[in-house]
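Spelled out from the first residue to the last, the chains are:
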Amino acid sequence: MSHFAILTDVTRCIGCEACVEACQKTNGTGSDVPHRWQPDPNALSSSRWTTLAQTREGRFVRVHCRHCLDPSCVAACPVGAMRRTPEGAVVYDAEICMGCRYCMIACPFRMTRYEWSSAVPKVRKCILCYQKVMSGELEQPACTAACPSKATVFGEREALLAEARRRLAAEPARYIQHIWGEHEVGGTSVLYLSDVSLDEAGWPRTLGDRPRPRLAREVLGTVPWTFAGVAAACYGVHWTLERRRKVAAAEHPPEEDNGGER
Amino acid sequence: MNGANNPRLVLTRAALWLVVGIAAVVAANRFLRGLGATTALTDATPWGLWIGFDVLAGVALAAGGFVIAATVYIFHLDRYHAVVRPAVLTAFLGYVAVVIGLLMDLGRPWNIWRPMFFWQPHSPLFEVAWCVMLYLTVLALEFAPVVFEGLSLERPLRLMRRLTLLLVITGIGLSTLHQSSLGTLFLLARDRLHPLWYSPILPLLFLVSAVALGVMMVTCESLASSWLFRRQPEWPLLDGLTRAAAVVCLLYITLRLGDLAWRHQLGHLFEGSWASALFVLELGISAVVPAFLFLLPAARKSHAAIATGAALGVGGLVLYRADVGGIAHLAAGGRHYVPALTEIVVSAGVVAAMALVFLFFVERFPVWEERPTIPDHFTPPMRDPVSRTFFGGPWFSRAHLGAAGLALGMVLGVALVEADAPSSASGWSRPVPAARTVQIREVKRNPTPGHQLELLTREQVAAGPDGVEAALLVGGGRDGRTVVFPHQAHQQRLGGPASCGHCHHRNLRHDRGTACTACHRDMYAVTDTFAHQTHVAALKGNASCARCHTAGKARTRALALACDDPACHGRDVSTTAVAINRSKLPPGFAPGYRRAMHTLCIGCHTRHEQKTGVTTPYLSRCTTCHRDRTVAPEPGVVALARLEVP
């Protein structure tokens, strides 16, 4: 099965923001207007699903949804509005969404944005142009198609990983020997190559390789047993004390004894 | 019944109605204008007070219900029987408050029913939703006997009595799950919650703190209602409750500090940051001080000390929930969430409404085993229920006072909403000063190119110089500075008086005045080589527009000063050099955008504009010039662009 992915080579990005413009046009997001919750119109927002961050060294790093292999937002969503498609794109259905914003809390990369100004708000993030690519309207996501320097390319995840390894091997001095997104939080569909550390450009060191949903899944698995255990324990204590009281009442009929009180 | 002549009760009730009134208007505003207009929430902090307080703390405050029910029906500590009913009622109302708070906070509350039918068992919030739903039902059934008793319905009463044990056990099971699952919610927030609060044992911490909160809440309620209804506090009961609260508080302190030590995060406590101060304050008032007060023999005898301890404990544990729910979230860029006044008002309103319902039940149904004291003098009934005759009451009854409170509250609410409430983000809260008319004159000054505007005093205008025109002094930047806005010139250019609506009545949220950039939108063009926003910020807001846009005509990018103007970057930019410092870049690298543009933009503009006929805005796109310089496709990558999908 095919698996959509994007490989971004930070060393090739010239920062022209053609990807941003293409994304906004294709998805009809509207223009960037500063708001109380959006003091910087150039940052990721509900009208800007991808943007460029700049590292201290002056490199440009694309910022958009990572389309995790085990996405926290999907695990968090109580209604199934966030969905991971078989092709790996994490997509969103506003009709189902109840607006709890738990996906925003759960996202380890903080890539989801909200339409705070709207009375009928939606969660906004990159959806890999999923519907348009699937329907054949687009060959590939608008951003990768627009990139003039092929710094960000679309393809199959395995093929892009192979390509990334090929580049790392071909020019070892040019890159840090690491493919961001290969293992982080269990792997993502958006991969990065870079010559500078991306610690402060969307890939904090603290991420680790553990998929986030596992943190809650372990606890949620114990739910039925906890309920059954607590109920059984309660009934057991009740039964024991009740019986002890009855026995005490039978032995000392006139005395009113306060059962299990300490 | 009683209370009609109890001034404490009447005034409390009027005050509660006042808060409800304010909150109702703000709530309506939230549904009309959206969350952004009512809350201080941002993308960096998407959950705030309504989740942290209304939902998380509401559920915890309701914990008294299952704690007391377990004490009485499971552990058979019958002397606590007196507080079962008020505790269950509080729990029920707490959960109703949770649902109201949730409806306020949800962006699309009309979809709230979906978790019932579209199961997502992998979601902690799904578990929470089901627990709220089921436990609300259980609590309603647990409280039903009180209503049946009050209405003298014997048969359903007997049926409910038989179900008591089943309901209590189900309720305890659900509460255990539910209290802990609120902690589970934040297990997914590992990358957001401050390490002092994030812990793998969050579910356990939430459960233990809920038990502590439940016991202290019952203590508070008992004290508050004895004050309100002028009854003697139930001393043996309070004694046991505080003893239990102290034990649970100590357990909670041990768990939290032990967890920090085990995770090697104790160091964060001493870093002296905002977070460490918050942690110390929170743990201090939530558990340390109450446990101390409850264990100190001298303090145990004092009414005030117990009340202080219980109130601090409740407040502190509510703060714990609010911290985990939003306050202790690590905000990107160092921005912290501080709830807006409107948010606080809505939360207070929900609590006040629940308190009113509580008072309603307490007065009309046998909630307390010992009924509130009957007033010592007879009040004639206002209404005869048999003949349905209204006898008339005092001209200003307590109902009048309540209604007056509500009405006053609603007026205040409208005022609050109109005062543009999301006040927690600096800058946007400041009002835009009204524009005022001034007389200006254009003067030509050397060496600065272009025109400058001179503000004229009244005496200067009276002297009658040439070229005087009226303009507006606008303070749209909210920075205390103003900028001259040639109103007439704008009006003429936009098509005379018919064009007023272009700028006025634009209906912008949070912003009564239309910012210059709302019209001069090309300054925000996404592929602008010129970082306009950065320049605006560096030059201090709208006041600086005229620094670069000196032409005195339309202030568009095309008519602005060139980057290399002697007034700006004349010395920094060389118009002849095409690419400087290229040698510093490793071979094969594209130069950074800023570097490229500082060396190239003027060059391109001067060389290519006449030659290629490309218009100015399109020169800002790299590919306008570099059409032939796109990087050659890598083998095996671009070919994959269109994937075969089964």
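Bear in mind that the values here come from a model prediction, so they are computed numbers and not experimental data. (Residues numbered from 1 in each chain as written. Chains lettered and ligands numbered in written order. Predicted model: local features only at pLDDT ≥ 70, side-chain atom pairs only at ≥ 80, totals over all residues. Heavy atoms only, no water.)

Participant: Let's hear about the overall build of chain B: which residues, and what values?
Facilitator: Each helix and strand in chain B was counted, giving 23 helices and six strands. Taking all 646 residues of chain B together, 47% fall into the buried category. When contacts within chain B are restricted to residue pairs at least 6 apart in sequence, those whose partners lie at least 24 apart make up 71%. Of the roughly 31,400 Å² that chain B leaves accessible, carbon and sulfur atoms contribute 65%. (Helix = DSSP H or I, 4+ residues; strand = E, 2+ residues; numbered from the N terminus. Buried < 20%, exposed > 50% of the residue type's maximum accessible area, 1.4 Å probe, protein only. Contact = heavy atoms within 4.5 Å. Areas by Shrake-Rupley, 256 points an atom, 1.4 Å probe, with all protein chains shown as cover.)

Participant: How would you sum up the side chain of A:Arg212? Please name residues and give values.
Facilitator: Relative to the helices and strands, A:Arg212 resides in the loop between strand E9 (190-193) and helix H7 (213-220). Judged by its relative accessible area of 2%, A:Arg212 falls in the buried class. Polar contacts involving the side chain of A:Arg212 include one to the main-chain carbonyl oxygen of A:Arg210, which spans 2.9 Å. Apart from residues no more than four positions distant in its own chain, A:Arg212 is found in contact with A:Ser72, A:Pro108, A:Val185, A:Thr206, A:Leu207, B:Leu188, B:Arg190 and B:Asp191. (Polar contact = N/O pair within 3.5 Å; in protein donor to acceptor, adjacent residues only side chain to side chain.)

Participant: Give a description of the packing of helix H1 (residues 7-33) of chain B against helix H14 (residues 341-364) of chain B that names residues and reports values.
Facilitator: Residues and elements named next belong to chain B. Where H1 meets H14, the axes come as close as 7 Å, and the angle between the chain directions of the two elements is 140°. With respect to each other, H1 and H14 are oriented oblique. Between H1 and H14 lies a crossing whose hand is left-handed. For the pair H1 and H14, the contacting residues are Leu9, Arg13, Leu16, Trp17, Val19, Val20, Ile22, Ala23, Val26 and Ala27 in the first and Thr342, Val345, Val346, Ala348, Gly349, Ala352, Ala353, Ala355, Leu356, Leu359 and Glu363 in the second. (Axes fitted to C-alpha atoms, helices over the stretch in contact; angles between N-to-C directions. Parallel < 35°, antiparallel > 145°, perpendicular 65-115°, else oblique. Left-handed = near helix turned anticlockwise from the far one by under 90°.)

Participant: I'd love a proper account of the pattern of salt bridges, names of residues and values included.
Facilitator: Residues and elements named next belong to chain A. Within this structure, the stated rule accounts for 20 salt bridges over all chains. Notably, a salt bridge pairs Arg59 with Asp195, separated by 2.9 Å at the nearest N-O pair. On the criterion of sequence distance, the pair formed by Arg59 in the loop between strand E2 (51-54) and strand E3 (60-63) and Asp195 in the loop between E9 and H7 is long-range, its members being 136 residues apart. Just as Arg59 is buried, Asp195 falls in that class too. Between Arg167 and Glu163 there is a salt bridge, with its nearest N and O atoms 2.8 Å apart. Of this pair, Arg167 and Glu163 both sit in helix H6 (residues 157-170), four residues apart, which is roughly one turn of that helix. The residues Arg167 and Glu163 share a single accessibility class, namely buried. Taken together, the shared-partner salt bridges connect Asp9, Arg12, Glu163, Arg166 and Arg167 into one network. (Salt bridge = Lys/Arg side-chain N within 4 Å of Asp/Glu carboxyl O.)

Participant: I'd love a proper account of the packing of aromatic side chains, names of residues and values included.
Facilitator: On inspection of all chains with the given rule, the structure shows 18 aromatic pairs over all chains. Judged by centre distance (5.2 Å) and plane angle (70°), the ring pair of A:Phe4 and A:Phe154 falls under edge-to-face. Of this pair, A:Phe4 sits in strand E1 (residues 4-9) while A:Phe154 sits in strand E8 (residues 152-156), placing them 150 residues apart in sequence. As far as the burial class goes, A:Phe4 and A:Phe154 line up, both buried. An angle of 55° between the planes, with centres 6.1 Å apart, marks the rings of B:Trp113 and B:Phe117 as tilted. B:Trp113 sits in the partly exposed class, given a relative accessible area of 37%. A relative accessible area of 56% means that B:Phe117 is categorised as exposed. An aromatic cluster is defined as three or more aromatic residues linked by ring pairs; in this entry it consists of B:Phe143, B:Phe360, B:Phe361 and B:Phe365. The cationic tip of A:Arg101 hangs over the ring face of A:Tyr114; the distance from NZ or CZ to the ring centre is 5.5 Å. (Phe/Tyr/Trp six-rings, centres within 6.5 Å; stacked < 30°, edge-to-face > 60°. Lys NZ or Arg CZ within 6 Å of the ring centre and 35° of its normal.)

Participant: So what's going on with the nonpolar core? Residues and values would help.
Facilitator: Residues A:Met82, A:Tyr102, B:Phe186 and B:Trp197 are the most contacted members of the largest nonpolar core, which totals 150 residues. For this core, the leading source of residues is helix H9 (residues 202-228) of chain B, giving 13 residues. Apart from the residues within four sequence positions on either side, A:Tyr102 is in contact with A:Ala76, B:Trp47, B:Ser123, B:Pro124, B:Leu125, B:Thr184, B:Leu185, B:Phe186 and B:Leu188. (Core = buried A, V, L, I, M, F, W, Y, C linked by side-chain atoms within 4.5 Å.)

Participant: Hey, could you go over a nonpolar patch on the surface for me, with residue numbers and the actual values?
Facilitator: There is a patch of nonpolar side chains on the surface, built from B:Leu103, B:Ile112, B:Trp113, B:Met116, B:Phe117 and B:Phe118 and spanning about 540 Å² of accessible area. Turning to its location among the elements, B:Phe118 is positioned in the loop between helix H6 (114-117) and helix H7 (124-150). (Patch = residues over 30% accessible without salt bridge, like charges linked within 9 Å, V, L, I, M, F, W, Y side chains within 5 Å.)

Participant: Give a detailed account of the sheet that holds E1(A), specifying residues and quantitative values.
Facilitator: All names here are of chain A. What the three strands build is an open sheet, ordered E8-E1-E9; its pairing is mixed. Of all the strands in the sheet, the pair left with one neighbour each is E8 and E9. Each strand of the sheet is rotated relative to its neighbour by a mean of 25°, with strand direction disregarded. With five bridges connecting them, E1 and E8 associate as antiparallel partners. Its bridge partner being in E8, Ala5 is matched across the sheet by Gly155. (Pairing = 2+ DSSP bridges.)

Participant: Explain the side chain of B:Thr42 to me, using residue names and the numbers behind them.
Facilitator: Within the secondary structure layout, B:Thr42 lies in the loop between helix H2 (35-38) and helix H3 (49-61). In this structure the side chain of B:Thr42 is engaged in a polar contact, spanning 3.1 Å, whose partner is the side chain of B:Thr45.

Participant: Now, about the environment of B:Thr39: what can you tell me, with residues and values included?
Facilitator: All names here are of chain B. Its place among the elements puts Thr39 in the loop between H2 and H3. In this structure Thr39 comes out as buried when scored by relative accessible area, which is 0%. Within polar-contact distance, the side chain of Thr39 engages the backbone oxygen of Leu35 at 2.8 Å. Among the polar contacts made by the side chain of Thr39, one reaches the main-chain amide nitrogen of Leu41 at a distance of 3.4 Å.

Participant: Hey, could you go over the pairing of E2(A) for me, with residue numbers and the actual values?
Facilitator: Residues and elements named next belong to chain A. Examined bridge by bridge, E2 and E3 share four bridges and lie antiparallel to one another. For Thr51, the partnering residue across the bridge sits in E3 and is Val63. The hairpin turn running from E2 into E3, its antiparallel successor, is five residues long, and Gly58 in that turn takes a positive phi close to 95°.

Participant: Break down the confidence of the model for chain B for me, with residues and values.
Facilitator: Residues and elements named next belong to chain B. Model confidence for chain B is summarised by a mean pLDDT of 73, while 66% of its residues fall at 70 or above. For chain B, per-element mean pLDDT is lowest for helix H23 (residues 622-625), which scores 49, and highest for H14, which scores 89. Per-residue pLDDT stays below 50 along residues 626-646; that stretch engages in 36 contacts with residues further than four places along the chain or on separate chains. For this predicted complex, the interface confidence reaches an ipTM of 0.87, while the overall pTM sits at 0.71. (pLDDT = per-residue confidence, 0-100.)

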